[in-house]
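# Results of the structural survey
Here are the chains, one letter per residue:
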There are 2 protein chains.
Amino acid sequence: MLVRRLASTAPASASRFSLPPTVRQLLAHPSLPQQITTVSGWIKSIRKQKNVSFATITDGSSAQGLQAVLTKGKDDELLRKLTNGAAVRLTGQLVSSQGAGQSHELLVDQNRGGEIHLLGECPPETYPIQKKDLTAEYLREHTHLRARTSRIAAMLRLRDVLRRRIDSWFEMQGFYFSNTPIITGNDAEGAGETFRLEKVQSQHPSAVTPSTAIPPSEFFSRPAFLTVSHQLHLEALAAAMSRVYTLSPCFRAERSLTGRHLAEFWMLEAEWVLPNNDGVYGVCDLTESLLKETVSGILDGEDAELLWKDNETDRRGMLLDAFRSQRPWTRLTYTEAINELEKAHTSVSFEYQPKWGRDLQSEHERWLADSLIGGPVFVTDYPAPLKPFYMRDNDDGNTVACMDLLVPYAGELIGGSVREERTNVLQQKMGSSVDNEWYMDLRKYGGAPHAGFGMGFERLISWVSGTENIRECIPMPRWAGRMLL
Amino acid sequence: MLVRRLASTAPASASRFSLPPTVRQLLAHPSLPQQITTVSGWIKSIRKQKNVSFATITDGSSAQGLQAVLTKGKDDELLRKLTNGAAVRLTGQLVSSQGAGQSHELLVDQNRGGEIHLLGECPPETYPIQKKDLTAEYLREHTHLRARTSRIAAMLRLRDVLRRRIDSWFEMQGFYFSNTPIITGNDAEGAGETFRLEKVQSQHPSAVTPSTAIPPSEFFSRPAFLTVSHQLHLEALAAAMSRVYTLSPCFRAERSLTGRHLAEFWMLEAEWVLPNNDGVYGVCDLTESLLKETVSGILDGEDAELLWKDNETDRRGMLLDAFRSQRPWTRLTYTEAINELEKAHTSVSFEYQPKWGRDLQSEHERWLADSLIGGPVFVTDYPAPLKPFYMRDNDDGNTVACMDLLVPYAGELIGGSVREERTNVLQQKMGSSVDNEWYMDLRKYGGAPHAGFGMGFERLISWVSGTENIRECIPMPRWAGRMLL
């Protein structure tokens, strides 16, 4: 009885919950609201006339703002406070618009039931996001407010929609999303490039008196690092679930200050049992399909339109061509790529001489994608010494079954390979230690030929949106010396 | 011309890519393959008879395995190696099954084109996952292989499907998924409970000679921690995007060894502008709807069936009732909850005396959900001193507009609140420092009334699957003293 009494105090609204439509939802289905509509958002711009004001309201949901026509009411003080950046809640009628560039507008006539609620003022004297054309660097200094700009908001929506499309694609292909660890004992890429966790006090510092002081110790009883890749852990899951992927943070303590590196970034990684032992071309096929089927749908959406700058038509044309042409993306072996680079070296003066056995430098990668191919290019089968131990040896004894996807202007986007599944070969390549035992077990006990890849999510955003610097491709970037918020 | 020549070397298969169906996909659409079907997976069990063997094959995609009937071929050696855990690729005919408990089976007749490929042997003498009924603790010691067990595989699939349903729900409600930082300058919950990053060498250690040695320094020029919550960063994004959420790793350096705490866990967090300034009940409404609409669909799926133990019918009944009944979940204010606890304290002997102004202990929370209500219960409006600075003060001057969702057997699942949007009130509660300035800015410049919540994803999995210990609700758990792989 008590239960019932208490339950009955809960409002009935819980039965079918729905937030009111966002600006995007309103504009996509303008007939839905019919009568009176309420919208919350921020004033993007406002033009005040004698009896009426025209405001653009954004709630971050759409590249287009909602045009609102505010008929003057009695409260002059309120009107004065309607400035750029102010938060408002408007109630009015959504009607077809006469104006250009907008299908609908919101009529807020305060004399006929329309309402303007000022939710939060925005003092124009000090508001940091007032002006247009603020520099990227200025906005990085104001990370906490920069999502108020059209570009950063568009980037945030692009991340959201690409992630959703990627999730759908993997689901369709029978993959399971998995959360692999962030804190790990693997110092995978060697000293100096991984973040390490500090030892912890065994007791709260304030409780420690000289006589009870215990030296700090490893929280996990051994050194702990932030992961640089989820591959090894995904391999363990793929050895049971067959097809797994993740989109997860990775970390590099690199002092790099380029526009292509972050200390904290998100990586899409997948591992799967090769259905027909189809080698590295199976990895190329899968990643090419993934990109074509997820990216194509967003290339001329309003967010991509907004992000591409007008002066980048060549670059954008190359991107569109890569996705619209029926042509499969080019595949070159490393050896073929080196041949092309050596031929070109007579006319193009590379800083580093291309030579078989040496790593491809950024300038080489750029030339292959930008100039030689003019589009995405898979470079496969690198010499074994250039690549990590887990990549599968090819039968030629020199190269491994790997691929890098190079894309114009953005360079390396994806790295992947068939993984070495032969216990004895792997043992020889990685050596044996207690730390490696679990990884060997994956082969020893029902190991199946499998492959995987990793793709920097911010690099993908950078490529498809024409954004030069990946610091503008993540909400709150971290790099050497810089961590705001 | 070169481009075209190179392009033509790529296989045409890239045009429409599809991996072969998984066991789940096969069983869901058994008519699709019609003729010859190839499946890769691991032998879950095998019964060998004179001329024919019966094997259950799992590829991790489904709680059900695929029954395979293997007609004996000429290779006795191969048959001997078909043991539990071995990886195989089978080609045969998918036909309707006569046997009980399965709709279809795979006929692999090696004399009629059927094929058995042994992809990886699994030595029975040493395979750690052979036996059934391995203890949870034993499997934690074998984290890298434990996804081979039915329970852990079911949990992994449950995580995947719940995540997808949650994503769909948020998308429908106009939310954007956002990646907020993992490394942060906020030492949010105070000393001793956050992981801190070690300082880094400015140079590779091997390059440091005594004369060039530079003391290690903060990589980000200031102390860096692993985040304990994404709330503050999400608030910054909500101040531009209106509705944002994340499902992201969080970290606590707690020495807790309970079955409800992990050092690394995943948290679903959301922040949104309150559409009608509807207070804490708006948070209850949203979270109740989120849970009801995402969890209901999975409660009697085959993975939930597998995870619930037979002896837990009462507990499971309570869960099903919470989701199937049309009744809204009970809401109590903290004050009402304390009253009920005080009344009960005469008959139930709590270890801690319930008293207004004191925090609810786990035993109190459990009693409220398990005994008083027998279902999920929102407890709202706690005394201000018990809750963090960012929760909105109620007009009574004593309490804040917050809620905890307590659920039977699992305790606190969600914590949320309206956030204090008034600059002056917030300033008073948090004090002023340079570190707080950005958070104040969110109010100063067009701050809108907003709310948010956090839900431990592993706790959700634990509750809906009847899994006692959250170490079995995450692929590779980390807790004090323990970090395998």
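Residues numbered from 1 in each chain as written. Chains lettered and ligands numbered in written order. Predicted model: local features only at pLDDT ≥ 70, side-chain atom pairs only at ≥ 80, totals over all residues. Heavy atoms only, no water.

Attention now moves to the relation of the copies chain B and chain A. Between chain B and chain A, which share one sequence, the superposing operator has a rotation angle of 180 degrees and an axial displacement of 0.0 Å; the RMSD is 0.0 Å. Here the transformation between the copies is reduced to the relation of a two-fold axis. Comparing interface residues between copies, 100% of those in chain B also lie at the interface in chain A; the contact surface is shared. (Least-squares fit on C-alpha atoms with pLDDT ≥ 70 in both. Contact = heavy atoms within 4.5 Å.)

A few words on the environment of Tyr-409 of chain B. All names here are of chain B. Assignment of secondary structure puts Tyr-409 in the loop between strand 14 (402–407) and strand 15 (411–418). Considering only alpha carbons, one finds Tyr-409 and Arg-159, 250 residues apart in sequence, at a separation of 20 Å. The residues touching Tyr-409, leaving out its near neighbours within four places in the chain, are Arg-315, Met-318, Arg-366 and Asp-370. (Helix = DSSP H or I, 4+ residues; strand = E, 2+ residues; numbered from the N terminus.)

On to the sheet that holds strand 7 (residues 176–177) of chain A. Pairing between the strands of a sheet comes from backbone hydrogen bonds, and it takes one of two forms, parallel or antiparallel. Residues and elements named next belong to chain A. Ordered by their spatial adjacency, eight strands build an open sheet running 7-10-11-16-15-14-13-12, and the pairing between neighbours is mixed. What marks the edges here is a single partner per strand, and that holds for strand 7 and strand 12 (330–333). Examined bridge by bridge, strand 14 (residues 402–407) and strand 15 (residues 411–418) share six bridges and lie antiparallel to one another. Its bridge partner lying in strand 15, Cys-402 is registered against Ser-417. Most of the contacts of helix 10 (residues 334–344) go to strand 12, to which it runs at about 90 degrees, and overall it touches strand 12 and strand 13 (377–380). (Pairing = 2+ DSSP bridges. Axes fitted to C-alpha atoms, helices over the stretch in contact; angles between N-to-C directions.)

Our next topic: helix 13 (residues 434–444) of chain B. Residues and elements named next belong to chain B. Considered for burial, the residues of helix 13 that qualify are Asn-436, Trp-438, Tyr-439, Met-440, Asp-441, Leu-442 and Arg-443. Contacts made by the buried residues of helix 13 are with helix 6 (231–241), helix 12 (423–430) and strand 16 (450–456). Backbone geometry just downstream of helix 13 places Gly-446 in the positive-phi region, at approximately 70 degrees. (Buried < 20%, exposed > 50% of the residue type's maximum accessible area, 1.4 Å probe, protein only.)

With 143 residues of chain B in contact, the opposing surface of chain A contributes 143 residues. Taking both partners together, chain B and chain A bury about 12,200 Å²; carbon and sulfur atoms supply 61% of that area. On the chain B side of the contact with chain A, Phe-219, Tyr-445 and Met-483 of chain B bury the most area, a combined 7% of that side's loss. Applying the counting criterion to the chain B and chain A interface returns six salt bridges. Close ionic contact of Arg-196 of chain A with Glu-198 of chain B constitutes a salt bridge, the shortest N to O distance being 3.8 Å. At the junction of chain B with chain A, the criterion picks out 53 residue pairs in polar contact (both at pLDDT 80 or more). (Buried area = accessible area lost by both parts, 1.4 Å probe. Salt bridge = Lys/Arg side-chain N within 4 Å of Asp/Glu carboxyl O. Polar contact = N/O pair within 3.5 Å; in protein donor to acceptor, adjacent residues only side chain to side chain.)

With that out of the way, let us pick up the packing of aromatic side chains. Residues and elements named next belong to chain B. On inspection of all chains with the given rule, the structure shows 44 aromatic pairs over all chains. Measuring from centroid to centroid gives 4.2 Å for Phe-170 and Tyr-245, while their planes differ by 15 degrees, and the two rings are stacked. Here the residue Phe-170 occupies a position in helix 5 (residues 150–172), and Tyr-245 occupies one in strand 10 (residues 243–251), the gap between them amounting to 75 residues. Plain terms: the ring middles of Phe-323 and Trp-329 are 5.6 Å apart, the flat faces sit at 85 degrees to each other, and that makes the pair edge-to-face. On the accessibility criterion, Phe-323 (8% relative accessible area) is buried. (Phe/Tyr/Trp six-rings, centres within 6.5 Å; stacked < 30°, edge-to-face > 60°.)

A separate point is the environment of Glu-412 of chain A. Residues and elements named next belong to chain A. Assignment of secondary structure puts Glu-412 in strand 15. Spatially, the C-alpha atoms of Glu-412 and Ser-362 are 8.3 Å apart, while their sequence positions differ by 50 residues. For Glu-412, the residues in contact, after removing those within four places along its chain, are Arg-260, Glu-365, Asp-404, Leu-405, Leu-406 and Arg-459.

Further remarks concern the confidence of the model for chain A. Residues and elements named next belong to chain A. Averaged over all residues, the pLDDT of chain A is 91; the fraction at 70 or higher stands at 93%. Counted against residues more than four places away or in other chains, residues 1–15, with its pLDDT under 50, gives 25 contacts. Interface confidence in the predicted complex, given as ipTM, is 0.94; pTM for the same model is 0.94. (pLDDT = per-residue confidence, 0-100.)

Time to look at the sheet that holds strand 11 (residues 264–273) of chain B. Residue and element names in this part refer to chain B. Spatial ordering of the open sheet is given by 7-10-11-16-15-14-13-12, a layout of eight strands whose pairing is mixed. Looking at the sheet topology across the chains shown, the edges are occupied by strand 7 (176–177) and strand 12 (330–333). Alignment of strand 13 (residues 377–380) against strand 14, held across four bridges, turns out to be antiparallel. Within strand 14, the residue paired with Val-377 across the bridge is Leu-406.

Residues and elements named next belong to chain B. Where burial is concerned, most of strand 5 (residues 104–109) is hidden: five out of the six residues are buried. By the bridge criterion, five bridges tie strand 3 (residues 66–71) to strand 5 in an arrangement that is parallel. Note on strand 5: the bridge partner recorded for Val-69 is Leu-107. One ladder, built from four bridges, connects strand 4 (residues 87–96) with strand 5; its direction is antiparallel. Bridging from a neighbouring strand, Ser-96 pairs with His-104 of strand 5.

Residues and elements named next belong to chain A. Position of Glu-105 relative to the elements: it lies in strand 5 (residues 104–109). The charged side chain of Glu-105 is buried without a salt bridge, its nearest counter-charge being Arg-47 at 8.9 Å. In terms of polar contacts, Glu-105 uses its side chain to reach the side chain of Ser-97, at 3.2 Å. Apart from residues lying up to four places away in sequence, Glu-105 is in contact with Gln-67, Val-69, Gln-93, Leu-94, Val-95 and Ser-97. (Lys, Arg positive; Asp, Glu negative; His and termini not counted.)

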